[in-house]
Amino acid sequence: MEQKNENLQVTPKLAFDLNLALYLDLVAVLEGAGVVTYRQMAARVLNVSMDAREDGDHALSDVLEGIAKGFAGQRDGLSIDLLKAAKGVREDEALGDIPMRPDGF
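Quick caveat: nothing in here was measured; it's all calculated off a predicted structure.

Asker: An account of helix α3 (residues 58-72) is requested, with residue identities and associated values reported.
Answerer: What sets the pattern is the α-helix's 3.6 residues per turn: residues three or four places apart point alike. Taking 1.5 Å per residue, 15 residues should reach 21 Å; α3 reaches 20 Å between its end C-alpha atoms and fits that length. Along α3, the positions that sit buried rather than exposed are Ser61, Leu64, Glu65, Ile67, Ala68, Phe71 and Ala72. Down the axis of α3, the buried side of the element spans an arc of 160°, and every buried residue falls inside it. Buried residues in α3 make contact with α1 (12-32), α2 (38-54) and α4 (80-85).

Below you can see the structure in the form of structure tokens.
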């Protein structure tokens, strides 16, 4: 018999928090498998944050920058300011922002 919790209020904040938690878990799994690094994820999220700020969405930008700082603080502790300064040079592999293709492709 299926039980439902009628007291559970699914708010936009709860949905966002759950999606974020699942995303962060996925990134941890991908990092553990060697598919992507925390530095790569920090750079990607920071790019979206900086674009949001340029578009005038400061609240979203602040949240995403916080997430990027969390990724940057993993493993090698890369500075978020360094990632911001390097935004324009990420098209090359200077900061490792381009994931490597899996073997066999």
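Asker: Break down the environment of threonine 37 for me, citing the residues and quoting the values.
Answerer: Here threonine 37 lies in the loop between α1 and α2. Once the C-alpha coordinates of threonine 37 and alanine 72 are considered, the two residues, 35 residues apart in sequence, prove to be 9.7 Å apart.

Asker: Help me get a handle on the confidence of the model for the protein, residues and values and all.
Answerer: In this model, the protein carries an average pLDDT of 77, and 74% of its residues clear a pLDDT of 70 or more. Averaged pLDDT values over the elements of the protein bottom out at 74 in α4 and peak at 87 in α3. Within the model, pLDDT remains below 50 along residues 91-95, and this stretch shows eight contacts once partners closer than five positions in the same chain are excluded.

What counts and how
Residues numbered from 1 in each chain as written. Predicted model: local features only at pLDDT ≥ 70, side-chain atom pairs only at ≥ 80, totals over all residues. Heavy atoms only, no water. Helix = DSSP H or I, 4+ residues; strand = E, 2+ residues; numbered from the N terminus. Expected span 1.5 Å × (residues − 1). Buried < 20%, exposed > 50% of the residue type's maximum accessible area, 1.4 Å probe, protein only. Arc of directions from axis to C-beta. Contact = heavy atoms within 4.5 Å. pLDDT = per-residue confidence, 0-100.

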